[in-house]
Amino acid sequence: MSKEQAIEAAVFRRLLKHLDDRKDVQNIDLMGYGGFCRNCLSDWYAEAAADAGVDVSKDEARERIYGMPYGEYKKAYQSPATEEQLALMNESVAKNKAARGEA
């Protein structure tokens, strides 16, 4: 592993720790303001694993990102979304699609 890869891996671990420490921050808020959420990270994790020839299921990837099974996380930490949160998230998703050149 190169120094750059080691640094990137350390940053990723720190991001996961930060998100774990801030369970009060809802995924929908991350998505609405940042354009990504914990679920996005788990999808990216599974995609990177596949690119490396490693089979990681969606559930395994989510457990890696959430630090526990996704269902447990949702039950313990996720609250219902408000109309305002949903609208902001939908706007953010549209920006993501536009940035990728999708319709």
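How each quantity is defined
Residues numbered from 1 in each chain as written. Predicted model: local features only at pLDDT ≥ 70, side-chain atom pairs only at ≥ 80, totals over all residues. Heavy atoms only, no water. Salt bridge = Lys/Arg side-chain N within 4 Å of Asp/Glu carboxyl O. Buried < 20%, exposed > 50% of the residue type's maximum accessible area, 1.4 Å probe, protein only. Helix = DSSP H or I, 4+ residues; strand = E, 2+ residues; numbered from the N terminus. Contact = heavy atoms within 4.5 Å. Core = buried A, V, L, I, M, F, W, Y, C linked by side-chain atoms within 4.5 Å. Axes fitted to C-alpha atoms, helices over the stretch in contact; angles between N-to-C directions. Parallel < 35°, antiparallel > 145°, perpendicular 65-115°, else oblique. Left-handed = near helix turned anticlockwise from the far one by under 90°. Nonpolar A, V, L, I, M, F, W, Y, C, P; charged D, E, K, R; others polar.

Draft legend 1. Up close: the pattern of salt bridges. Scanning the model with the defined rule gives five salt bridges in all. With its nearest N and O atoms 2.7 Å apart, the salt bridge here joins Arg 22 to Asp 24. Overall, the relative accessible area of 35% leaves Arg 22 in the partly exposed class. The shortest N-O distance in the salt bridge between Glu 102 and Arg 100 comes to 2.9 Å. Given a relative accessible area of 40%, Glu 102 falls into the partly exposed group.

Draft legend 2. Examining helix α2 (residues 27-34) more closely. For α2, the set of buried residues is Asn 27, Ile 28, Leu 30, Met 31 and Gly 32. Residues of α2 that are buried in the fold lie against α1 (3-21), α3 (38-51), α4 (58-66) and α6 (83-99). Note on α2: the residue one or two positions beyond its end, Gly 35, has a positive phi of about 80°.

Draft legend 3. The arrangement of the nonpolar core in detail. Counting eight residues, the largest nonpolar core is built from Leu 16, Leu 19, Leu 30, Met 31, Cys 37, Cys 40, Leu 41 and Ile 65. Elements with a contribution of two residues or more to this core: α1, α2 and α3. Apart from the residues lying within four places of it in its own chain, the contact partners of Met 31 are Phe 36, Cys 37, Cys 40, Met 89, Ser 92, Val 93 and Asn 96.

Draft legend 4. Seen up close, the packing of α2 against α6. Look at α2 against α6: their axes get within 7 Å of each other, and the N-to-C directions meet at 45°. The angle between α2 and α6 places the two elements in the oblique class. Here the hand of the crossing between α2 and α6 comes out left-handed. For the pair α2 and α6, the contacting residues are Ile 28, Asp 29, Met 31, Gly 32 and Tyr 33 in the first and Gln 85, Leu 86, Leu 88, Met 89, Ser 92, Val 93 and Asn 96 in the second. Broken down by class, the residue content of the contact of α2 with α6 amounts to seven nonpolar, four polar and one charged.

None of the figures reported here should be taken as evidence of function without further support.
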